[in-house]
Amino acid sequence: QVQLVESGGGLVQAGGSLRLSCAASGTFRRYNMGWFRQAPGREREFVAAITWSGTNIDYADSVKGRFTISRDNAKNTLDLQMNSLKPEDTAVYSCAADGNIYRFNPRHVVYDAWGQGTQVTVSS
C-alpha cells in the first residue's frame, strides 16, 4: 500500500503562492490522487484530484483558476500549486490515494491512504 508524506505548507500573505508536495512510496502510478483540506471547526473538503495517468483533473469551485494539481509518476510525487491565496484557504492540506483507477469519482470515494497533512496559513 502506498504511503504519503506532504510538505510545503507555511505562512503566506493573501495574494501569495505556495506549492505543496506529496511524496509517495509504493506503486504510486496505480493510484488516482486527491488533495483535501480541513479548517478548524469545519469538515474536511475536497480541493482537487487527478487520475493515475494525469488525463482527468477535477477542482473544487472555490479553487478553480487559482490552484493547479499535477503529478510525476517517475518521481512518485503529487503537487498542488496554489496561487492568489485567500485567508479562507487556511487549513491543513492532505493528499490521499484511491487504488481503484477504473473510476474517477474523487469527491465521494473512500480513499485507501492519507498523508498526515501540512498546515497552510494565509494572513490578511
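For the structure, see preceding data.
Cut-offs used in this document
Within every chain, residues take consecutive numbers counted from 1 along the sequence as written. Owing to the predicted nature of the model, reporting of local features is limited to residues with pLDDT of at least 70; listing and counting of side-chain atom pairs is limited to 80 or more, with chain, interface and lining totals taken over all residues. The basis for every side-chain value is the complete set of heavy atoms in the structure, and neither hydrogens nor water enter the calculation. Every helix listed is a DSSP run of H or I at least four residues long, and every strand listed is a run of E at least two residues long, numbered separately from the N terminus. Values of the radius of gyration come from C-alpha atoms, whereas the globule rule sets the reference at 2.2 Å times the count of residues to the power 0.38. Categorising residues by exposure relies on relative accessible area from a 1.4 Å probe, with only protein chains included: less than 20% of the type maximum marks a residue as buried, more than 50% marks it as exposed, and the intermediate range marks it as partly exposed. In what follows, a contact means two residues having at least one pair of non-hydrogen atoms within 4.5 Å. Charged residues are defined here as Lys and Arg on the positive side and Asp and Glu on the negative side; His and the ends of the chain fall outside this count. Charged groups are reduced to one reference atom each: NZ for lysine, CZ for arginine, CG for aspartic acid, CD for glutamic acid. Pairs of cysteine sulfur atoms within 2.5 Å are what we label disulfides. Working definition of a nonpolar core: buried Ala, Val, Leu, Ile, Met, Phe, Trp, Tyr and Cys residues. They are joined through side-chain atoms within 4.5 Å. In this analysis, rings of Phe, Tyr and Trp, with Trp reduced to its six-membered ring, are considered paired at centre separations within 6.5 Å, and the interplanar angle assigns stacked below 30 degrees, edge-to-face beyond 60, and tilted for intermediate values. Two thresholds decide whether a charge sits over a ring: the Lys NZ or Arg CZ must be within 6 Å of the ring centre and within 35 degrees of the ring normal. Strand pairing is assigned whenever DSSP identifies at least 2 bridges connecting the two strands.

Caption draft 1: Layout of the overall build of the chain. In terms of helices and strands, the chain carries zero helices and eleven strands. Helices and strands in the chain line up, N terminus first, as β-β-β-β-β-β-β-β-β-β-β. A compact globule built from 124 residues would reach a C-alpha radius of gyration of about 14 Å, and the chain, at 13 Å, matches this within 12%. Projecting the C-alpha coordinates of the chain onto the three principal axes gives extents of approximately 40 × 25 × 25 Å. The proportion of buried residues among the 124 residues of the chain is 44%. In the chain, 60% of the contacts between residues at least 6 apart in sequence involve partners at least 24 apart. Of note, the chain has its 13 positive side-chain charges centred 4 Å away from the centre of its 11 negative side-chain charges.

Caption draft 2: Here's a closer look at the environment of Gly99. Looking at the element boundaries, Gly99 is found in the loop between strand E9 (91–98) and strand E10 (113–114). Overall, the relative accessible area of 35% leaves Gly99 in the partly exposed class. It is 6.4 Å that separates the C-alpha atoms of Gly99 and Arg30, two residues lying 69 residues apart in sequence. Ignoring sequence-local partners within four residues, the contact set of Gly99 consists of Arg30, Tyr31 and Asp112.

Caption draft 3: Structural detail: the state of the cysteines. Counted according to the given criterion, the structure contains one disulfide. Here Cys22 engages in a disulfide with Cys95; their sulfurs sit 2.1 Å apart. Its S-S torsion of approximately 65° makes the covalent link between Cys22 and Cys95 right-handed. Placement of Cys22 in strand E3 (residues 18–25) and of Cys95 in strand E9 is noted, with a sequence separation of 73 residues between them. The same class applies to Cys22 as to Cys95, namely buried.

Caption draft 4: Molecular detail of the nonpolar core. With 37 residues, the main nonpolar core has Leu4, Met33, Trp35, Leu78, Leu80, Met82 and Tyr93 as its most contacted residues. Those elements that provide at least two residues to this core are E3, strand E4 (32–38), strand E5 (45–50), strand E7 (67–72), strand E8 (77–82), E9 and strand E11 (118–123).

Caption draft 5: Quick peek at the packing of aromatic side chains. Counting across every chain of the model gives four aromatic pairs. One aromatic cluster in this structure is built from Phe36, Phe46, Tyr111 and Trp114. In this arrangement the basic side chain of Arg44 is found over the ring face of Trp114, its NZ or CZ atom lying 3.8 Å from the centre. The ring centre of Phe28 lies 4.2 Å from the NZ or CZ of Arg71, which sits over that ring.

Caption draft 6: Here's a closer look at the pairing of E9. Counting buried residues in E9 gives seven out of eight residues, a clear majority hidden from the surface. Of the pairings in the sheet, the one linking E4 to E9 comprises seven bridges and is antiparallel in character. Pairing of Gln38 across the sheet is with Val92, part of E9. Direction of pairing for E9 relative to E11: antiparallel, over a ladder of three bridges. Along E11, the bridge assignment pairs Tyr93 with Thr118. Where E9 and E10 come together, two bridges link them in antiparallel fashion. Each residue of the ladder has a partner; that of Ala97, found in E10, is Ala113.

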